[in-house]
Amino acid sequence: MHSATEAGTAAAASSEAEFVIGGMTCASCAARVEKKLNRMDGVTATVNYATEKARVSYPATDVSVQDLIATVEKTGYTAKPVPRPAPKAAAQTAPQTAGATDALSEAARAEPHTTEPEAEPEGPLRPETEAAPELVRLRQRLIVSAVLAVPVVALAMIPALHFDNWQWLSLTLAAPVVVWGGLPFHRAAWTNLRHGAATMDTLVSVGTLAAFGWSLWALFLGDAGMPGMRHGFDLTVSRADASDTIYLEVAAGVITFILLGRYLEAKSKRRAGSALRALMHLGAKDVAVLRGGAEVRVPVGRLVVGDRFVVRPGEKIATDGTVVEGASAVDASMLTGESVPVDVGAGDQVTGATVNASGRLVVEATRVGSDTQLARMAKLVEDAQNGKAEVQRLADRISAVFVPVVLLIALGTLIVWLLTTDDVTAAFTAAVAVLIIACPCALGLATPTALMVGTGRGAQLGILIKGPEVLESTRRVDTIVLDKTGTVTTGRMTLQTIHTTPTTTETDVLRLAGALEHASEHPIAQAIATGATDRTGAALPTPEDFTNIPGLGVQGTVDGHAVLVGRPRLLTDAGIDLPGTLTAALTEAATQGRTAIAVGWDGEARGVLEVADAVKDSSAEAITALRALGLTPILLTGDNRAVAESVAREVGIEEVRAEVLPEEKAHVIEGLQAQGRVVAMVGDGVNDAAALATADLGLAMGTGTDAAIEASDLTLVRGDLKVTADAIRLSRRTLTTIKGNLFWAFGYNVAALPLAAFGLLNPMIAGAAMAFSSVFVVTNSLRLRSFT
């Protein structure tokens, strides 16, 4: 008992907080914030650069939220706490007496709601809207910089455009680009400098300011401002005319290219929080609550535990609860993956955001707000996203060493030239050449251009790639987990097989059963009615005296016959025995995991109809293609084992994980990862969202739910499983192209740095070489357009 008490005290003393971190420009920024927070006593922090969030566990007795914010601010960034949902009334999680429930409901009805934002969800469902204005500002900065930089580059590179005083027009156009367009880089470089760090921002800022500063010196204090000035074009540092050379196109061009890269990166980062926004839109927005016997429409946010509300056919169930009146079939496939709708009646539990497929229900709310299964699922997705290892970009990893080395080389070049030649102009020219040749122009294009061409080609093929982090995962994946419903199968119930007695024809069974089922709203009934119409090719007769028997089936009169269609028990309750052939058919259907419907009329059993979720035509071919890529397929489903194994046999999958609850799907992925496997997951339902986010690579079927699509890394627009193999091949090819681009960008820098340092390369040539490297990178990326 003593140890339990201590554990409880320890748990109570430890608190969790979440912060939005502002000012991070690369993965190394996130690592720096994380390191500083973890140095605090008793604090455990993870900082995710993609979502720009920090999750912190801290001892509440020794550390306050303000202390954590202060630490982040001292590191050079901003921190804003994410509001946590207020705890619900204890009544929501504890059993209540009827009186307590009524009192709570009355209190909720009595209190004014005018100050409560109706559509604002709680906790993990709260929408993230703060990133949008930042993206708009970045786009504006990019467009303005590009419009101003293009003429500057054209004036510098095309001698025919060198009219008198052209250089002053260049200065007028380039100055706003360098000062305003490059402000994010200069600000980040200054922040990093104050904290003794250097990133690519430092190199961009120092290189562009050096080129711009040199140009100002040449224009105002040198000879470059004279009317009739033309660019010299020497291969080496020319000491005589160094003061009449300007590098405005280098400064403006580099900033514009890097802004393009940042904008594309910010767009893909923006999507990281979209899974939660998609989940937020999934639930019902308003609900018909019973107040004094009358229905009153209120926002879902006002529901409290104990409220009773009405759900009509086709409506979403507003929150988790218990059915108190009515019977229906509930389509829970989006949450559970179970393809067959579940029959519910009084006393059964129902889940918020599932769809009432047929009858009218009255439900009593048992869980609301952040306690519901939907909210908990959103929390799972959020945890998976925050816990996903941030793949640091290759450029950032190399820049940790590359940037300080370049700055040291530039400083060393300046000092050595001054000591050996006493020529200040030549010394500064050589030092600026080092900074400019090292400026990561091609580096800024390496990832965005390959990504643009690769994603553009992917879109033509029905494949959406979300960002560069995705591509690294595709190279290493060795296991692919496939959700069953809606991924390997169509996700729709269809009529599969018909069994009849020797004295009955298939046409008669289809006509009479189809006519009766056509009058029912149940999804299985609709599957039979559709199958009957398709197979007979004729209109179905209209039934008379139609009656729905909840949980069992339907009965009525069709063409003068008293027809029964439903569970076998419906016939046995009516005193009709099933012959041996039909009993065998029922047993076989059960082993195949199919739903069997018995049909009888005029006091005799006539047939059995098998209904199942049909396997997609392309699924078996897709499995073969995935195996050819070196991937081991596993079928994962919430459906029963018989159904799962039947589907697996049909498409050629050997390993099956069946009857897995929605919240357990992510655990299955984690278990495979713990075995050392690199796992891809393909799914389409809300129940797959957490697993998609947990997997090393998430692929969502475009025909699925928004939550699954937003939680994934790749989206397959057509919903065709064959495209999965194409998506992985395209991703791997795009990654290879990006790595080739990065190698060229750095290789050219490394090879040219000694030339610049020894005075064998003037800054103008450095600018031209940089332009050439950019052209090479773009051309290399364009090769992806030929991918088939």
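Residues numbered from 1 in each chain as written. Predicted model: local features only at pLDDT ≥ 70, side-chain atom pairs only at ≥ 80, totals over all residues. Heavy atoms only, no water.

As recorded by an unreviewed UniProt entry, the protein carries the name Heavy metal translocating P-type ATPase and is attributed to Streptomyces castrisilvae. The record in UniProt for the protein states the following under Sequence similarities (unreviewed entry): "Belongs to the cation transport ATPase (P-type) (TC 3.A.3) family. Type IB subfamily." (UniProt positions renumbered as here; feature names shortened; annotations may be inferred.)

**Q** Give me the side chain of Ser-170: which residues, what numbers.
**A** Relative to the helices and strands, Ser-170 resides in helix 6 (residues 166-181). Sequence-distant contacts of Ser-170, that is, excluding residues within four places in its chain, are made with Val-152, Leu-155 and Leu-248. (Helix = DSSP H or I, 4+ residues; strand = E, 2+ residues; numbered from the N terminus. Contact = heavy atoms within 4.5 Å.)

**Q** Hey, could you go over the confidence of the model for the protein for me, with residue numbers and the actual values?
**A** Detailed conclusions should not be drawn from predicted coordinates in areas where pLDDT is low. Per-chain confidence: the protein averages 80 in pLDDT, with 80% of residues scoring 70 or above. Here residues 1-12 is modelled with pLDDT under 50, and outside its nearest four sequence neighbours on either side it reaches 0 contacts, counting other chains as well. Counting interchain partners and residues more than four positions distant, the pLDDT-below-50 stretch residues 86-130 has 61 contacts. (pLDDT = per-residue confidence, 0-100.)

**Q** Could you give an account of the sheet that holds strand 7 (residues 308-311), naming the residues involved and the relevant values?
**A** A sheet is described by the order of its strands in space; here 6 strands give the open sequence 6-5-7-13-8-11, paired in antiparallel fashion. Across the chains shown, the open sheet's two edge strands, defined by having one partner strand only, are strand 6 (294-299) and strand 11 (349-350). As judged from the 2 bridges shared by strand 5 (residues 286-291) and strand 7, these two strands associate in the antiparallel manner. Counterpart to Ala-288 in the pairing with strand 7 is Val-310. (Pairing = 2+ DSSP bridges.)

**Q** Pulling in residues and values, what's your account of the UniProt feature "transmembrane region" (unreviewed entry) in the protein?
**A** With numbering aligned to this structure, UniProt lists the feature "transmembrane region" (unreviewed entry) at residues 142-162, 168-190, 202-226, 246-264, 398-420, 426-447, 741-758 and 764-782. Structurally, residues 142-162 is divided into 76% helix and 0% strand, and its ends, taken at the C-alpha atoms, are 26 Å apart. Strand forms 0% of residues 168-190 and helix 96%; the C-alpha atoms that close the span are 29 Å apart.

**Q** Go over the pattern of salt bridges with me, naming the residues and quoting the values.
**A** By the definition in use, this model includes 23 salt bridges. The partner of Arg-291 in a salt bridge is Asp-307, and the shortest N-O contact between them spans 3.3 Å. Taken together, the residues Arg-291 in strand 5 and Asp-307 in the loop between strand 6 and strand 7 connect sequence positions 16 residues apart. Arg-657 serves as the salt-bridge partner of Glu-655, at 3.0 Å between the closest nitrogen and oxygen. With relative accessibility at 25%, the residue Glu-655 sits in the partly exposed group. Judged by its relative accessible area of 27%, Arg-657 falls in the partly exposed class. Shared partners join several salt bridges into a network, and the residues in it are Glu-295, Arg-312, Glu-325 and Arg-360. (Salt bridge = Lys/Arg side-chain N within 4 Å of Asp/Glu carboxyl O. Buried < 20%, exposed > 50% of the residue type's maximum accessible area, 1.4 Å probe, protein only.)

**Q** Break down the sheet that holds strand 12 (residues 355-356) for me, citing the residues and quoting the values.
**A** Taken in spatial order, the 3 strands line up as 10-9-12 in an open sheet, and their pairing is antiparallel. Edge positions in the sheet fall to strand 10 (342-344) and strand 12, since each of these pairs with one other strand and no more. One ladder, built from 3 bridges, connects strand 9 (residues 328-331) with strand 10; its direction is antiparallel. Bridge pairing links Ser-328 to Val-344 in strand 10.

**Q** Please give an account of the side chain of His-162 that cites residues and values.
**A** Tracing the sequence through the fold places His-162 in the loop between helix 5 (131-157) and helix 6. Under the relative-accessibility criterion, His-162 is labelled buried at 7%.

**Q** Hey, could you go over the environment of Trp-214 for me, with residue numbers and the actual values?
**A** Relative to the helices and strands, Trp-214 resides in helix 8 (residues 200-220). Separated by 214 residues in sequence, Trp-214 and Phe-428 have C-alpha atoms that sit 8.6 Å apart.

**Q** Mind laying out a nonpolar patch on the surface, listing which residues take part and the relevant values?
**A** On the surface, a cluster of nonpolar side chains totalling about 280 Å² of accessible area is made up of Val-153, Met-157, Ile-158 and Leu-161. Assignment of secondary structure puts Met-157 in helix 5. Residue class for Met-157 comes out partly exposed when judged on its relative accessible area of 34%. (Patch = residues over 30% accessible without salt bridge, like charges linked within 9 Å, V, L, I, M, F, W, Y side chains within 5 Å. Areas by Shrake-Rupley, 256 points an atom, 1.4 Å probe, with all protein chains shown as cover.)

**Q** Can you lay out the nonpolar core for me, pointing to particular residues and giving the numbers?
**A** The tendency in soluble globular proteins is for nonpolar side chains to be buried as a group. By size, the foremost hydrophobic cluster in this structure holds 44 residues, and its most contacted members are Ile-480, Leu-482, Leu-635, Leu-697, Leu-699 and Leu-714. When residues in this core are grouped by element, the largest group, 8 residues, is from helix 27 (residues 722-757). Non-local contacts of Leu-697, meaning those with residues more than four positions away in its chain, are made with Val-470, Ser-473, Thr-474, Val-477, Val-679, Ala-680, Met-681, Asp-713, Leu-714 and Ile-728. Counting 35 residues, the second largest nonpolar core, distinct from the first, contains Leu-148, Ala-211, Tyr-247 and Ile-258. (Core = buried A, V, L, I, M, F, W, Y, C linked by side-chain atoms within 4.5 Å.)

**Q** Could you give an account of the pairing of strand 17 (residues 544-549), naming the residues involved and the relevant values?
**A** For strand 17 and strand 18 (residues 553-558), the ladder comprises 4 bridges, and the chain directions are antiparallel. By the bridge assignment for strand 18, Asn-548 is matched with Val-554. Between strand 17 and strand 18, which follow one another and run antiparallel, lie 3 residues, and Gly-551 among them has a positive phi close to 80°.

**Q** Give me the lowdown on the environment of Leu-414, citing residues and values where you can.
**A** Along the chain, Leu-414 turns up in helix 13 (residues 394-421). With a relative accessible area of 17%, Leu-414 lands in the buried category. Taking the C-alpha atoms as reference points, Leu-414 and Ala-426, separated by 12 residues in sequence, lie 8.8 Å from one another. Look past the residues within four positions of Leu-414 in its chain and what remains in contact with it is Ala-427, Phe-428 and Ala-431.

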